Amino acid sequence: MHQSNTHSPEVTFHHEPAPAGAFMKKVLRTTVILSVITLIELALGFVIYFMHKNPDHSTALILFIKGVIVILSLAKAFYIVGVFMHLGDEVRNLIMTIVVPLLLFVWFIAAFLWDGNAWKNLRNTDAGHRPYPEKQIVAPKDAKKPGIE
Amino acid sequence: MATAATADTKWWGGGRSPFNVEYGKLMMWYFLMSDAFTFGAFLISYGTIRFSQNYWPDPNHVFNAFPFAGHANLPLAFVSLMTFILIISSVTMVLAVHAGHHMDKKAVIKWMAWTIVGGIAFLGCQAWEWTHLITGHHPVLIDGVVSEIGTTVSRNPWGPEVPGMMHDGMAVSKTGPVAFGGYFFGITGFHGFHVLSGVVINIIMLIMTINGVFDRKGHYQMIEKAGLYWHFVDLVWVFVFLCFYLL
């Protein structure tokens, strides 16, 4: 048992501190993974940069490359949280109370970007600029009810 | 063994914490989760406004400068440097936490000091980036007159180019969406403030380590909590880097 085990009543069992060799290997591996992913992201960023120089570039292809960059960023987030912050070593209960609420982001991102796009579509109509339509006066169908003059 | 204990322990049977972490560390995790929602809200708001515009400045065009490189066109170069500085300072923080587990005071001091150096280097880079953006003036056609303006929260010179119009050898553009500067300075500023407070926390931890506070306590758990915060700052930068520079 490690000497710091007695200080906290909330902790039922402790992780044995990793042996220095295995630990350094893991940290080094994660550092290399994060750096390589960043370099790939930069390379893709330059691909987009040079594609933009061509006036008839493919918008769909650029969107695809951007999607790849987003997925690579999520991979980086996974490694930072899982390895550097050791969330992967915690008990499942703790992992779930952190990760499950973050799923709200899936809906937030979809809903708000959709709304932004709808806003753009509205911006490109004459909505907001055209004169307010005259109020149409519709004659009531049964204006002449018996008893009312 | 840790794995066997996880499987056999009745976590919800009462009498023990179902999360198996010290209270302060658990609260740090929940604080970071709430902070993730704050940053997420900012970035999603930025995305919404960007999606609502017909024109948005190209980051490769706006952020193409490097200190002491003059007017050389170097897109993505400076921000990659900043990204690597933050990744490396995250690694030195991991090493400080690890040294703390082994009660190795000297190593904790060494790695905390390097982490602080990384944080300060990042802040210096950001200060340069902001200064360059605010003071770098570009010719813009406003009400039929060419004026030279920098990027602030209320002015944006990065609009679409006016075809064929030049001013002192530079292409003249229209004004761009004002929200660009507001979101850039707002979100990178909020992140930079996190880095600054992280550096301050790390300096306090370093002083406490030097004074032997954690040796007397018998554990280096405070370093672990400061480490969580510091890694979170790196994590947020992954997404700020993504949203402002790559996409």
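See above for the structure.
None of the values given here were measured: they were computed from a predicted structure. Sequence order sets the numbering: in each chain, residues are counted from 1 along the sequence as written. Here the convention is simple: chains get letters from A, ligands get numbers from 1, in the order in which they are written. For this predicted model, a pLDDT threshold of at least 70 governs which residues receive local features, and a threshold of 80 or more governs which side-chain atom pairs are given and counted, while totals over whole chains, interfaces and linings are taken from all residues.

Peer 1: Would you explain the overall build of chain A in this entry?
Peer 2: Elements are defined by DSSP. Helices are runs of H or I of four residues or more, strands are runs of E of two residues or more, and each kind is numbered from the N terminus. Counting secondary structure elements, chain A contains 4 helices and 0 strands. Reading the helices (α) and strands (β) of chain A from amino to carboxyl end gives α-α-α-α. Any residue with 12 or fewer other C-beta atoms within 10 Å of its own C-beta is exposed, any with 20 or more is buried, and the rest are partly exposed; the C-beta atoms used are placed from the backbone. The burial tally for chain A puts 10% of its 149 residues in the buried class.

Peer 1: I'm lost on the overall build of chain B in this one. Help?
Peer 2: Along its length, chain B carries 8 helices and 4 strands. Going from the N terminus to the C terminus, chain B shows its helices and strands as α-α-α-α-α-β-β-β-β-α-α-α. Whereas a compact globule of 247 residues would reach a radius of gyration of roughly 18 Å, chain B reaches 23 Å, over 25% beyond that. Each principal axis of the C-alpha atoms in chain B carries an extent, and together these give about 75 × 40 × 25 Å. Counting only residues that meet the buried cut, chain B has 37% of its 247 residues in that class. Residues are defined as contacting one another if the C-beta atoms placed from their backbone atoms lie within 7 Å. Put simply, of all contacts in chain B between residues at least 6 apart along the chain, 63% involve residues at least 24 apart. The globule rule is 2.2 Å times the number of residues to the power 0.38, and the radius of gyration it is compared with is taken over C-alpha atoms.

Peer 1: Is there a simple way to explain the pairing of strand β4 (residues 170–173) of chain B in this structure?
Peer 2: Residues in a regular strand point their side chains to alternate faces of the sheet. Here 3 bridges tie strand β3 (residues 161–167) of chain B to β4(B), and the two strands are oriented antiparallel to one another. Residue pairing for β4(B): Glu161(B) is matched across the bridge by Ser173(B). Think of it this way: DSSP has to see at least two bridges between two strands before they count as a pair.

Peer 1: Can you help me understand the interface of chain A and chain B in this one?
Peer 2: How big an interface is tends to be stated in terms of accessible area lost as the parts join. Contacts between the two partners involve 52 residues from chain A and, on the opposite side, 50 residues from chain B. Listed by contribution, the elements that provide at least two residues to the side of chain A that touches chain B are α1 (20–53), α2 (59–84), α3 (92–102) and α4 (104–123) of chain A. Of all the elements, α1(A) adds the most residues to the side of chain A that touches chain B, at 12 residues. For this scheme, ten residues count as nonpolar: Ala, Val, Leu, Ile, Met, Phe, Trp, Tyr, Cys and Pro. Four count as charged, namely Asp, Glu, Lys and Arg, and the remainder, Gly too, count as polar. Tallied by class, residues from the side of chain A that touches chain B come to 27 nonpolar, 16 polar and 9 charged.

Peer 1: So what exactly am I meant to see when it comes to the environment of Arg92(A) here?
Peer 2: Examined against the element boundaries, Arg92(A) turns out to sit in helix α3. C-alpha of Arg92(A) to C-alpha of Ala43(A): the two residues are 49 residues apart in sequence and 37 Å apart in space.

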